[in-house]
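The chain contents come next:
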Amino acid sequence: GAGVSQSPSNKVTEKGKDVELRCDPISGHTALYWYRQSLGQGLEFLIYFQGNSAPDKSGLPSDRFSAERTGGSVSTLTIQRTQQEDSAVYLCASSQAANTGELFFGEGSRLTVL
Amino acid sequence: AQSVTQLDSQVPVFEEAPVELRCNYSSSVSVYLFWYVQYPNQGLQLLLKYLSGSTLVKGINGFEAEFNKSQTSFHLRKPSVHISDTAEYFCAVRYNAGNMLTFGGGTRLMVKP
């Protein structure tokens, strides 16, 4: 597709369940980012992938959060044993290279933990 | 710690009035600066960016921003807003060619008729 695609667009889950959020970046973009946007707050960096390099996981809030990127393309963000404070919009972005700064964002996955 | 501050969480303004959305960042030798806009129920899209050169940057939809190194600011301006400009605006900074963008908390621009 022409843009960054994320799925699901909405996810409602019960506390304690695991969830997976998927991101399909723009074809050819080597850098991929996950951010979290909580209600009324800015964007919080979670994790960054660049090519085949080890990901920058410095923003992950706890060990319940993990992400992988297969074949340098699609990425999956996994949240284990979800908590109510995990409720947020999870945004994925990609860019052609790490240092251009221009990120192209998907529309996000809205996660609600009951 | 590196940070980006958007002083106004909400800015109400009447249609056709000028607007300025403020953004300040923590000092650094080298920064790249961005403004993103998020319309209701949509993803973020790039409004404009400063990488180098002229400190006055023009973006889409009539917006412009000025990089002021001495004041570590990158305020966004538009001389005459439209109802369709109602959205959330995010300032973002890339410090020293690092890996990620650091975002401010956002400013909700509410344009009233």
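Above this note sits the structure.
Here the structure is a predicted model, which is why all the values come from computation and not from measurement.

(A) Up close: the layout of surface pockets. Estimates place the volume of the largest pocket at around 760 Å³. Looking at the largest pocket, it is lined by 30 residues, and the ones nearest its centre are A:Gln37, A:Val89, A:Arg110, B:Gln38 and B:Asn41. Contributing elements (two or more residues each) for the lining of the largest pocket: strand 8 (88-95) and strand 10 (109-113) of chain A together with strand 10 (87-95) of chain B. For the lining of the largest pocket, the per-class residue count stands at nine nonpolar, 17 polar and four charged.

(B) Quick look at the environment of B:Phe63. Along the chain, B:Phe63 falls in the loop between strand 7 (56-58) and strand 8 (64-68). Once the C-alpha coordinates of B:Phe63 and B:Glu20 are considered, the two residues, 43 residues apart in sequence, prove to be 9.8 Å apart.

(C) Inspection of the state of the cysteines at higher detail. Going through the model one piece at a time under the given rule, you end up with two disulfides over all chains. For A:Cys23, the disulfide goes to A:Cys92, at an S-S distance of 1.9 Å. The disulfide joining A:Cys23 to A:Cys92 has a torsion of about -65° about its S-S bond and is therefore left-handed. Of this pair, A:Cys23 sits in strand 3 (residues 19-24) while A:Cys92 is found in strand 8, placing the two residues 69 residues apart along the sequence. Of the residues examined, A:Cys23 reaches a relative accessible area of 0% and is grouped as buried. Here B:Cys23 pairs with B:Cys91 through a disulfide, and the sulfurs are 1.9 Å apart. One disulfide, between B:Cys23 and B:Cys91, carries an S-S torsion of -65° and so falls in the left-handed class. Pair noted here: B:Cys23 is in the loop between strand 3 (19-21) and strand 4 (24-25) and B:Cys91 is in strand 10, with a separation of 68 residues, a long-range link.

Conventions and cut-offs
- Residues numbered from 1 in each chain as written.
- Chains lettered and ligands numbered in written order.
- Predicted model: local features only at pLDDT ≥ 70, side-chain atom pairs only at ≥ 80, totals over all residues.
- Heavy atoms only, no water.
- 1 Å grid on protein atoms, 1.4 Å probe; cavity = no way out; pocket = protein on both sides within 12 Å on 5 of 7 lines; lining within 4 Å.
- Points joined across faces, edges and corners; volume = space filled by probe spheres on them.
- Helix = DSSP H or I, 4+ residues; strand = E, 2+ residues; numbered from the N terminus.
- Nonpolar A, V, L, I, M, F, W, Y, C, P; charged D, E, K, R; others polar.
- Disulfide = S-S within 2.5 Å.
- Buried < 20%, exposed > 50% of the residue type's maximum accessible area, 1.4 Å probe, protein only.

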